[in-house]
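# Structure assessment
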Amino acid sequence: MIEFDHVWFSYGAREVLRDISFSIDFHEKVAILGGSGDGKTTILKLIMGLLRSDSGKILIDGEDISTKTEGELREIRMKFSLVFQEGALFDSLNVKENVAFALREYMNLSEEEVDQRVRTLLKRVDLEDAMELMPEELSGGMHRRVAIIRSLATIEPKMFLYDEPTTGLDPVNADTICKLILTLSREGKGFIIVTHKIFDAFKLVHRFIFLKNGTIIFDGQKEKMIDSSIPEIQIFLNELSPRPKATASIDVGERNV
Amino acid sequence: MTIKELISDLQDFYLLSSRGLSGLMRKPFYFKDTIEQMDYAGTGSFIIVLLVSLFIGMALSLQLSAELSGLGLKMYIGKIVGVSIIREIGPVMAGLVFAGRVGSGMASELGSMILGHQVDTLRVFGVDPVKKLVTPRILSSLIMLPALTIVGDAVSILGGYYIAVFVSLQSSPFYWSSIQDVLNFENVLSGSIKPFIFGYLIACISCYMGLSTKGGALGLRRATTRAVVVSFVMVIVADFILTRILLYVLGFSV
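All right, on to the overall build of chain A then. Counting secondary structure elements, chain A contains nine helices and twelve strands. Dimensions of chain A, computed from the C-alpha atoms along their principal axes, are close to 70 × 50 × 35 Å. When burial is assessed residue by residue, chain A has 38% of its 257 residues classed as buried. When contacts within chain A are restricted to residue pairs at least 6 apart in sequence, those whose partners lie at least 24 apart make up 65%.

Attention shifts here to the pairing of strand β3 (residues 29-34) of chain A. Residue and element names in this part refer to chain A. In terms of burial, β3 is largely enclosed, as six of its six residues are buried. Going residue by residue along β3, you find Lys29, Ala31 and Leu33 tucked away on one face and Val30, Ile32 and Gly34 tucked away on the opposite face as well. Taken together, the five bridges between β3 and strand β9 (residues 207-212) define a ladder with parallel strand orientation. The partner of Ala31 across the bridge, within β9, is Phe208.

Another aspect to go through is helix α6 (residues 171-184) of chain A. Taking 1.5 Å of rise per residue, the 14 residues of α6 of chain A would be expected to cover 20 Å, and the 20 Å separating its terminal C-alpha atoms lies within 8% of that figure. In this fold, the buried residues of α6 of chain A make contact with α5 (140-150), β7 (159-163), β8 (190-195) and α7 (198-204) of chain A.

This part is about the pairing of strand β6 (residues 80-83) of chain A. Residue and element names in this part refer to chain A. What you see with β6 is no split at all: Phe80 and Leu82 on one side and Ser81 and Val83 on the other are buried throughout. Bridge analysis of β6 against β7 gives four bridges, and the strand direction is parallel. Along β7, the bridge assignment pairs Leu82 with Leu161.

This part is about the sheet that holds strand β2 (residues 14-24) of chain A. Residues and elements named next belong to chain A. Strand order in this open sheet of four strands is β2-β1-β4-β5, and the pairing throughout is antiparallel. Edge positions in the open sheet fall to β2 and β5 (63-64), since each of these has one partner strand only. Alignment of strand β4 (residues 55-60) against β5, held across two bridges, turns out to be antiparallel. Bridge pairing in β5 places Leu59 opposite Asp64. Sitting on the sheet, helix α1 (residues 40-48) touches β1 (2-11), β2 and β4, and the angle it makes with β1 is about 115°.

Another aspect to go through is the sheet that holds β3 of chain A. Residue and element names in this part refer to chain A. Here six strands make up an open sheet; going across it, the order is β6-β7-β8-β3-β9-β10 and the pairing mixed. Each edge of the open sheet carries a strand with a single partner, namely β6 and β10 (215-221). Ignoring which end each strand starts from, the neighbouring axes of this sheet average 15° apart.

Residues and elements named next belong to chain A. Mean pLDDT over chain A works out to 83, with 93% of the residues at or above the 70 mark. Per-element confidence in chain A is highest for α1, whose mean pLDDT is 91, and lowest for strand β12 (residues 255-256), whose mean pLDDT is 38. In this model residues 243-257 is a low-confidence stretch, pLDDT under 50, and it forms five contacts with partners more than four residues away in sequence or in other chains.

Bringing the interface of chain A and chain B into the picture now. The interface of chain A with chain B comprises eleven residues on the first partner and ten residues on the second. Among the secondary structure elements, those contributing two or more residues to the side of chain A that touches chain B are α2 (70-77) and α3 (95-106) of chain A. Broken down by element, the side of chain A that touches chain B gets its largest block of residues, three residues, from α3 of chain A. Considered class by class, the residues forming the side of chain A that touches chain B number eight nonpolar, no polar and three charged.

All names here are of chain B. In the contact formed by helix α3 (residues 77-115) and helix α8 (residues 216-249), the axes pass within 8 Å of each other and the chain directions differ by 150°. In this view, α3 runs roughly antiparallel relative to α8, as classed from their interaxial angle. The two elements α3 and α8 meet at a crossing, and its hand is right-handed. Of the residues in α8, those in contact with Val92, Gly95, Leu96, Ala99, Gly100, Gly103, Ser104, Ala107, Ser108, Gly111, Ser112 and Leu115 of α3 are Gly216, Leu220, Ala223, Thr224, Ala227, Val228, Ser231, Phe232, Val235 and Asp239.

A few words on the confidence of the model for chain B. Residue and element names in this part refer to chain B. Scored by pLDDT, chain B has a mean of 92; 100% of the residues are at 70 or more. The secondary structure element of chain B with the lowest average pLDDT is helix α4 (residues 118-124), at 91, and the one with the highest is helix α5 (residues 129-167), at 95. For this predicted complex, the interface confidence comes out at an ipTM of 0.82, alongside a pTM of 0.86.

With that settled, the discussion passes to α8 of chain B. Helix length check: α8 of chain B (34 residues) gives 47 Å between terminal C-alpha atoms against 50 Å at 1.5 Å per residue, within 8%. Considering only its buried residues, α8 of chain B is in contact with α3 and α7 (185-211) of chain B.

Moving on to the environment of Ile193 of chain A. Residue and element names in this part refer to chain A. Topologically, Ile193 is positioned in strand β8. Overall, the presence of 26 C-beta atoms within 10 Å leaves Ile193 in the buried class. Considering only alpha carbons, one finds Ile193 and Ile226, 33 residues apart in sequence, at a separation of 18 Å. Here Ile193 is in contact with Ala31, Tyr162, Pro165, Ala201, Leu204 and Val205, once residues within four sequence places are set aside.

Residues and elements named next belong to chain B. Across the interface, helix α2 (residues 31-71) lies against α5 with an axial gap of 6 Å and an inter-helix angle of 25°. Judged by the angle between their axes, α2 and α5 are roughly parallel. In the packing of α2 onto α5, the handedness of the crossing is right-handed. A class-by-class count of the residues in the contact of α2 with α5 yields 24 nonpolar, 14 polar and three charged.

All names here are of chain A. One can find Glu232 in helix α9 (residues 231-237). Residues Glu232 and Lys212, 20 residues apart in the sequence, show an inter-C-alpha distance of 8.2 Å. Beyond its immediate stretch of four places on either side in the chain, Glu232 contacts Lys212 and Ile217.

Rules and cut-offs
- Per-chain numbering applies: the sequence of each chain, read as written, is numbered from 1 onward.
- Chains and ligands are labelled sequentially in the order written, the chains with letters from A and the ligands with numbers from 1.
- Where local features are concerned, this predicted model is filtered to residues with pLDDT of at least 70; where side-chain atom pairs are given and counted, the filter is 80 or more; whole-chain, interface and lining totals use all residues.
- Each helix corresponds to a stretch of at least 4 residues labelled H or I by DSSP, and each strand to a stretch of at least 2 residues labelled E; elements are numbered beginning at the N terminus.
- A residue is called partly exposed when the number of other C-beta atoms within 10 Å of its own lies between 12 and 20, exposed at 12 or fewer, and buried at 20 or more, with C-beta atoms placed from the backbone.
- Note on contacts: each residue gets a C-beta atom placed from the backbone, and two residues are in contact if those atoms are within 7 Å.
- Strands were regarded as paired on the criterion that DSSP finds at least two bridges between them.
- Multiply 1.5 Å by the residue count of a helix minus one, and that product is the helix's expected span.
- Interaxial angles span 0 to 180 degrees and are taken between N-to-C directions of axes, which are lines fitted to C-alpha atoms, for helices over the stretch in contact.
- Note: pLDDT gives the predictor's confidence per residue, expressed from 0 to 100.
- Residue polarity follows a fixed list, in which Ala, Val, Leu, Ile, Met, Phe, Trp, Tyr, Cys and Pro are nonpolar, Asp, Glu, Lys and Arg are charged, and the others, Gly among them, are polar.
- Roughly parallel covers angles under 35 degrees, roughly antiparallel covers those over 145, roughly perpendicular covers 65 to 115, and oblique covers all other angles.
- Left-handed describes a crossing in which the near helix is turned anticlockwise from the far one by less than a right angle; the clockwise case is right-handed.

Structure (structure tokens):
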């Protein structure tokens, strides 16, 4: 379980999180929503111990991680699979080397075994043919898929953490990523998705945490959120408003476009 | 920048420099990364150092020739060129070229890795970014800058030879015997220690600036500029301090 207990965090003089408290079970599927700069990604980094809170406690399975050393945090980090916004693939390595990175770092495998393992992983995301491509040659969707599968190369995480996984993607690619996220969570593993795309979040989760100016203004289920009268949430929900049906067509002779 | 921030920066720089250096003695060793960095730092800078050294050697020889001919001391061109290149100009010039090309590259590469969350990804994978990114860059600089300095010194002396012999019409054997005279232990030691220190300083400063990048493209530009400017200044300051120490240690009277 992840527990935030009155956590405060600031970048220099700018307060990013103010007195944040919540708890999330490892099997839960949660979306953290909010505008840019409201501290969504900061929460993920705090969970992973990549940042240290100014005050308050962050407990992972009951252990306070705020006092742990970098070496001790490694054990905590193994419980999660974190995928950064835009994938954060290593620029200088091709797809195969990116996926094989952790395998080579930690597992004493022969090159054939690494190759086999990478192929198997990439097959799960239909990217077996992209092994030799460099990150700059990948589309946005491919980038995210490689990043997601790379994070699973060596560990069996208890929970997935996704930072804006569908931001910047077209609807088709965003849908592919959503399906992949759901597929990976089928074995009872939960995930936290940080996003401002409420449309995608509604497809994936039931619990929503809404941040504004570093404080939680809503924490509850989907239905409760839809009924919420909080103006900021209403603005986000407008994205879900029924769109005009695509009944209009342009007549170009016998063909309708 | 407040004094508190300055002290905090210096403290972080000291920690990064010492952890980067102590990484040379701790496993795992990233040989492939080190070779890649050596290739980038050494092979990539080779032609630039060659060109700069050649023209500096020729310009120095030309200036000395113009000045010394009036005094009837043109025979000292070889000696002065040799001493100034080996002890002073060679290491400093190679250091400045290295800071401009390699230091800026290190800062911008690490800076873009920070902005693209690649350094955080390393930490998520349990990899020590200092060991993986800083140590190979320090080691490659410690090896390649002295190597470039030696090549640069040789080419500068050749440039000086061309001017001394073909323009100032000095005797070729005399030029080479003057060079041989200045290639003594004191001068060679004095010129050999500096590039190690410069290489270490440039790598640490550039890595520190790169890893402390904040604020997108503007922050990256700032970090790269600071890496080059601070490296330049530190090379020149360190050169003065080292010269003073080496002259004292080697028993030269000033």
